[in-house]
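Notes for the structure review
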Amino acid sequence: MAAAIADPVRRDILVMLREQRLPAGEIADRFTISRPAVSRHLRVLRESGLVRDTLVGRQRFYELDASRFADLIEWLDQFARSAGWERRLDALETEVYRTRRERRRRGTTDQRQEKTA
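Now for a look at the structure at hand. (Residues numbered from 1 in each chain as written. Predicted model: local features only at pLDDT ≥ 70, side-chain atom pairs only at ≥ 80, totals over all residues. Heavy atoms only, no water.)

**What about the side chain of Ser48?**
The condition that has to hold: Only runs of H or I of at least four residues qualify as helices and only runs of E of at least two qualify as strands under DSSP, and these elements are numbered from the N terminus. Contacts are residue-level and defined by heavy atoms, with any inter-residue pair within 4.5 Å sufficient.
Inspection of the secondary structure assignment puts Ser48 in the loop between α4 (35–47) and β2 (51–56). Excluding its chain neighbours within four sequence positions, the residues that come into contact with Ser48 are Ala4 and Arg68.

The structure is reproduced here in structure tokens:
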């Protein structure tokens, strides 16, 4: 699957198919490369399972099969775990500010008590 999405033309096709299914001719019209070249890209995407095709009359429609991305997303998640650290560090920063604020309040309260004593 990684080889299928490595090519920028195939990634553009996937983006096009994200919202709706499209006929092969309309997909090909959006590129400056030849129709046979677009057809080869569509075949690679179909064989990888990222798109499905349906023959309606004489037109072949393509649609995205996003379920195939689940394994890739799961694998890529191991590299995005640093986001967990960001949340932890944000929580720590919040706690540090809260503690400083409380100390300032206590210091102000202690000073008032000293003045009245």
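**Describing the pattern of salt bridges**
Quick reminder of the rule: Whenever a carboxyl oxygen of Asp or Glu lies within 4 Å of a side-chain nitrogen of Lys or Arg, that contact is scored as a salt bridge. For each residue, the accessible area found with a 1.4 Å probe, counting protein chains only, is set against the maximum for its type, and the residue is called buried under 20%, exposed over 50%, and partly exposed in between.
Applying the stated rule across the entire model yields nine salt bridges. Here Glu26 makes a salt bridge to Arg30, at a shortest N to O gap of 3.0 Å. Judged by its relative accessible area of 33%, Glu26 falls in the partly exposed class. Salt-bridge contacts for Arg35 lead to Asp29; the nearest nitrogen and oxygen are separated by 2.6 Å. Given a relative accessible area of 55%, Asp29 falls into the exposed group.

**Observations concerning the packing of helix α2 (residues 8–17) against α4**
Our working rule: Each axis is a line fitted through C-alpha atoms, and for a helix only the stretch in contact is used; angles between axes span 0 to 180 degrees, taken between their N-to-C directions. Roughly parallel means an angle under 35 degrees; roughly antiparallel, over 145; roughly perpendicular, 65 to 115; everything else is oblique. Gly is put with the polar residues, along with every residue not named as nonpolar or charged; the nonpolar set is Ala, Val, Leu, Ile, Met, Phe, Trp, Tyr, Cys and Pro, and the charged set is Asp, Glu, Lys and Arg.
At a closest axis distance of 10 Å, the pairing of α2 and α4 adopts a crossing angle of 70 degrees. Classified by the angle their axes make, α2 and α4 are roughly perpendicular. Contacts from Val9, Arg10, Ile13 and Leu14 in α2 reach His41, Leu42, Val44 and Leu45 in α4. The residue makeup of the contact of α2 with α4, split by class, is six nonpolar, one polar and one charged.

In short, the description is geometric, and any link to function would need to be established separately.
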